[in-house]
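Understanding the architecture of this molecule
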Amino acid sequence: MSVLIFLDQADGHIKKSAFEAACYGAAIAKQTGTIAEAIVLGSINDDLAAIGQYGITKVHTVKNDALNHVDAQVFTKIIADAATATGATVIIFSNNFNGKAIAPRLSVRLKAGLVSGAVALPDTSNGFIVKKNVFSGKAFANVAINTAIKIISLNPNSFSVVTTIGTAEVAAFAANVDAAKVTVTNTNKVVGEVPLSEAEIVISGGRGLKGPENWSLVTDLAKLLGAATACSRPVADIGWRPHHEHVGQTGLAIAPNLYFAIGISGAIQHLAGVNRSKTIVVINKDPEAPFFKAADYGIVGDAFEVMPKIIEAVKKMKGLI
Amino acid sequence: MKILVCISKTPDTTAKIAFADNNTKFAADGVQWIINPYDEWYALVRAIELKEADAATVIHLVTVGLADCDPIIRKALALGGDEAIRINADSHDSYYIASQIANVAKEGNYELVFTGKETIDYNGSSIGGMVAELLDLPYVSLATKFTLTGTSAEIIREIEGGEETDTVQLSVVVSCQKGMAEQRIPNMKGIMGARSKPLKVVEPSAVDAFTAIASFDLPPAKAGVKLVSPDNPEELVRLLHEEAKVI
Ligand SMILES: Cc1cc2nc3c(=O)[nH]c(=O)nc-3n(C[C@H](O)[C@H](O)[C@H](O)COP(=O)(O)OP(=O)(O)OC[C@H]3O[C@@H](n4cnc5c(N)ncnc54)[C@H](O)[C@@H]3O)c2cc1C
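In this report, we go over the structure that sits alongside the text. Note that this is a predicted model, so its numbers are computed, not measured. (Residues numbered from 1 in each chain as written. Chains lettered and ligands numbered in written order. Predicted model: local features only at pLDDT ≥ 70, side-chain atom pairs only at ≥ 80, totals over all residues. Heavy atoms only, no water.)

1. Re the overall build of chain A
Helix and strand counts for chain A come out as eight helices and 17 strands. What you see for chain A is a C-alpha radius of gyration of 21 Å, in line with the 20 Å of a compact globule of 321 residues. Seen along its three principal axes, the alpha-carbon backbone of chain A occupies a region of about 60 × 45 × 40 Å. When each of the 321 residues of chain A is scored for burial, the buried share is 60%. (Helix = DSSP H or I, 4+ residues; strand = E, 2+ residues; numbered from the N terminus. Rg over C-alpha atoms; globule rule 2.2 N^0.38 Å. Buried < 20%, exposed > 50% of the residue type's maximum accessible area, 1.4 Å probe, protein only.)

The structure is reproduced here in structure tokens:
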């Protein structure tokens, strides 16, 4: 019996969402009186022993350049073998793009019930019940997993990373690495930008900004705060911003610490993707904009007048002027 | 080419989310039902485009649900499916649903199985991956572009912080999202034609669900917005720094 955490990596570095998954898995191990181990696939540049500070006892590695791209089928088989070898009864993923590709396959392969999009530790007082987001952030479901092995994929930004002192044992796992049936011919990453799904601060613009030429009001503030940028659906549809920035019911669902919305009305479909954010700020010239009902802080005002002043004030706060 | 498109019925995006029976059931009274947007706008429309490019292509639709799904399936047929299969069962467990779909897929020998990236009600994002594993097929998730070249496909999919181009030999399971196609509205000819298209109802095979929903909760209400004067935006920055401690 143990908890096994899949540590997702990109370009040789463990992702922030993977540390959240590690802490979450370690907390479940503590709760159920067992240990937490992790598995990481591909070539890693980070110091893996340091994963011990997230509560992980042992890290299983499969160093193989073929695993630097995630292939759901190949990864599933290796993780299933590792789960069997380590006797894992709970397996944790981050509910990010890779988690969504692998966890469902693993669920079938191990005949293990999956809850995707978990937002809290399981209730193990009577069975094994996991709270997850449903209805695009408008509600939660408490889902009982009734199989011997349980898989949980944790929503990014739902569980705090806490570190202690600790060193993990790092051991190579002897895996059979199948040839992938899917060939990756090209990858195209936006370099130097914070990935939206992992960002702690998101600055977002809507149709109220009138046109792409005004987007420096969004991007300047984002740069100052190390934030990612997002937009409402019509903004992506008209091509003012790239599609991957579209948040909402039919775009990406995010839960940053701060969601800062400029010139967005706050339609129900938009709120569905952002209402799990811890703090919501709304800048809108219409006092009746529905977004104010979902906001924590707001300014009823013209973004073109208010935003430059906010950017100045942040610069001052950061000691830049 | 045979394509199977998975269709799910979901509440309209503006539906009021409330629960009944001691918070154990979604309160469906008065709710408007739609085809899950990802299934309709992206998976189904892309399949229709492939059929428009190659008249020999056949599109089958599959849904797991009771008779109240029929209007949704008829709409999907009106958009352009050739034939629909409804597996007559009510379940919210992804494994149960995926198993039923995989049975249909096995029997039909489809080269392509399309799903939406997730349903907007249970947000599982699991059916595609599960069906692929049950069929032992490759799975490309969160696809934004799909191009067919003979018996292989070039697919662009979203990855963290960017995108990846994949090539894969058919058969393959693909979960579809924005970028794959543009939403369409069924026309009169489609709606009339859909009435005579076959909608086969089959009974489910016995499968044990892995999970069960014990109850639902609604998030706590927000305390209310704190408004800052537009003449003093500096105060907002101070509040975010000192009170909310988010910057
Ligand atoms: C099935 C379905 C799914 C959908 N999915 C999504 C989704 O995923 N994401 C999404 O975002 N939308 C989605 N929508 C669309 C949604 O309903 C809204 O139409 C959309 O969110 C509106 O975008 P907006 O707020 O940018 O634009 P608008 O509604 O045009 O609002 C612009 C806002 O800017 C304000 N404004 C104007 N000028 C200024 C100024 N100078 N300073 C400050 N404020 C100003 C206005 O007061 C207004 O509130 C969906 C719709 C449907 C039907």
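There's more to say after this.
2. What to know about the overall build of chain B
Across its full length, chain B carries six helices and 15 strands. For chain B, the C-alpha atoms occupy an extent of roughly 65 × 45 × 40 Å along the three principal directions. The burial tally for chain B puts 55% of its 247 residues in the buried class. Across chain B, every contact between residues at least 6 apart in sequence was considered, and the portion connecting residues at least 24 apart equals 70%. A total of about 10500 Å² of accessible surface is found on chain B, and carbon and sulfur atoms cover 51% of it. Between the averaged position of the 23 positive side-chain charges in chain B and that of its 35 negative side-chain charges there is a distance of 5 Å. (Contact = heavy atoms within 4.5 Å. Areas by Shrake-Rupley, 256 points an atom, 1.4 Å probe, with all protein chains shown as cover. Lys, Arg positive; Asp, Glu negative; His and termini not counted. Charge placed at Lys NZ, Arg CZ, Asp CG, Glu CD.)

3. Some remarks on the interface of chain B and chain A
Listed as interface residues are 74 residues of chain B and, on the opposing side, 90 residues of chain A. Where Glu133(B) meets Arg105(A), a salt bridge forms, and the shortest distance between an N and an O atom there is 2.6 Å. On the surface where chain B and chain A come into contact, there are 40 residue pairs in polar contact (both at pLDDT 80 or more). The set of elements that each furnish at least two residues to the side of chain B that touches chain A consists of helix 1 (37-53), helix 4 (127-135), strand 9 (139-149), strand 10 (152-159), strand 11 (162-169), strand 14 (211-217), strand 15 (226-228) and helix 6 (234-243) of chain B. Residue composition of the side of chain B that touches chain A, grouped by class: 39 nonpolar, 18 polar and 17 charged. Here three bridges tie strand 17 (residues 297-300) of chain A to strand 15 of chain B, and the two strands are oriented parallel to one another. (Salt bridge = Lys/Arg side-chain N within 4 Å of Asp/Glu carboxyl O. Polar contact = N/O pair within 3.5 Å; in protein donor to acceptor, adjacent residues only side chain to side chain. Nonpolar A, V, L, I, M, F, W, Y, C, P; charged D, E, K, R; others polar. Pairing = 2+ DSSP bridges.)

4. Re the packing of helix 2 (residues 72-86) of chain A against helix 3 (residues 97-110) of chain A
Residue and element names in this part refer to chain A. Relative to each other, helix 2 and helix 3 sit at 50°, their axes nearing to 9 Å. When the interaxial angle is binned, helix 2 and helix 3 end up oblique. In this structure, helix 2 crosses over helix 3, and the sense of that crossing is right-handed. From helix 2, Ala-72, Gln-73, Phe-75, Thr-76, Lys-77, Ile-79, Ala-80, Ala-83 and Thr-84 reach across to helix 3, where they touch Ala-101, Ile-102, Arg-105, Leu-106, Arg-109 and Leu-110. For the contact of helix 2 with helix 3, the class distribution of residues is nine nonpolar, three polar and three charged. (Axes fitted to C-alpha atoms, helices over the stretch in contact; angles between N-to-C directions. Parallel < 35°, antiparallel > 145°, perpendicular 65-115°, else oblique. Left-handed = near helix turned anticlockwise from the far one by under 90°.)

5. Re the pattern of salt bridges
Applying the stated criterion across every chain, the model contains 27 salt bridges over all chains. Arg233(A) serves as the salt-bridge partner of Asp237(A), at 3.3 Å between the closest nitrogen and oxygen. Of the two residues, Asp237(A) and Arg233(A) both sit in helix 5 (residues 233-237), four residues apart, roughly one turn of that helix. The exposure class assigned to Asp237(A) is partly exposed, which follows from its relative accessible area of 42%. Linking Asp68(B) and Lys9(B) is a salt bridge whose minimum nitrogen-to-oxygen distance equals 3.4 Å. With a gap of 59 residues between them, Asp68(B) in the loop between strand 6 (58-64) and helix 2 (70-79) and Lys9(B) in strand 2 (residues 9-11) connect regions that are remote in the sequence.

6. Let's talk about the sheet that holds strand 16 (residues 279-284) of chain A
A sheet is described by the order of its strands in space; here six strands give the open sequence 14(A)-13(A)-15(A)-16(A)-17(A)-15(B), paired in parallel fashion. If you trace the sheet from one side to the other, it starts and ends with strand 14 (228-231) of chain A together with strand 15 of chain B, each paired once. The sheet shows a mean angle of 20° between the axes of neighbouring strands, direction not considered.

7. A short note on the site of the ligand
Residues and elements named next belong to chain A. The ligand sits among 28 residues. The nearest are Ser-232, Ser-265, Gln-269, His-270 and Asn-284. In the environment of the ligand, an oxygen atom lies 2.8 Å from a nitrogen or oxygen atom belonging to the backbone of Arg-207. Compared with its free state, where it exposes 980 Å², the ligand has 81% of that area covered by protein. Mapped onto the shell around the ligand, the elements with two or more residues apiece are helix 5, helix 6 (268-274) and helix 8 (303-317). Looking at the shell around the ligand, its residues break down into seven nonpolar, 15 polar and six charged. (Near = heavy atom within 4 Å.)

8. Quick look at the packing of helix 8 of chain A against helix 6 of chain B
Two numbers describe how helix 8 of chain A lies on helix 6 of chain B: the axes approach to 8 Å, and their chain directions differ by 45°. Between helix 8 of chain A and helix 6 of chain B, the angle is such that the two are oblique. Relative to helix 6 of chain B, the crossing made by helix 8 of chain A is right-handed. Contacts from Lys309(A), Ile310(A), Ala313(A), Val314(A) and Met317(A) of helix 8 of chain A reach helix 6 of chain B at Glu234(B), Leu236(B), Val237(B) and His241(B). Each residue belonging to the contact of helix 8 of chain A with helix 6 of chain B can be placed in one class, and the counts come to six nonpolar, one polar and two charged.

9. Some remarks on helix 4 of chain B
All names here are of chain B. Within helix 4, seven of the nine residues are buried, leaving the element largely enclosed by the surrounding structure. Residues Gly-128, Gly-129, Met-130, Val-131, Ala-132, Glu-133 and Leu-135 constitute the buried set of helix 4. Positive phi appears at Asp-136, one or two residues downstream of helix 4, with a value of about 55°.

10. Describing the packing of aromatic side chains
Geometrically, a pair of aromatic rings is defined through the distance of the ring centres and the angle of the planes. Under the definition given, this model contains 16 aromatic pairs over all chains. Here the aromatic rings of Phe19(B) and Phe216(B) are separated by 4.3 Å at their centres, their planes lie at 5°, and the arrangement is stacked. Here Phe19(B) is found in strand 3 (residues 19-20), whereas its partner Phe216(B) is found in strand 14, with 197 residues between them in sequence. Judged by relative accessible area, which is 13%, Phe19(B) ranks as buried. Seen from their ring centres, Phe114(B) and Phe146(B) are 5.2 Å apart, and the 85° between their planes marks the pair as edge-to-face. Remark: Phe146(B) occurs in strand 9 and Phe114(B) occurs in strand 8 (residues 112-116); sequence separation between them is 32 residues. Of the residues examined, Phe114(B) reaches a relative accessible area of 0% and is grouped as buried. In this structure an aromatic cluster arises from ring pairing among Phe135(A), Phe19(B), Phe26(B), Trp33(B), Tyr122(B) and Phe216(B). Between Lys150(A) and the ring centre of Phe128(A), over which it is positioned, the NZ or CZ distance is 5.4 Å. The ring of Trp33(B) is capped by Lys9(B), whose NZ or CZ atom sits 3.9 Å from the centre of that ring. (Phe/Tyr/Trp six-rings, centres within 6.5 Å; stacked < 30°, edge-to-face > 60°. Lys NZ or Arg CZ within 6 Å of the ring centre and 35° of its normal.)

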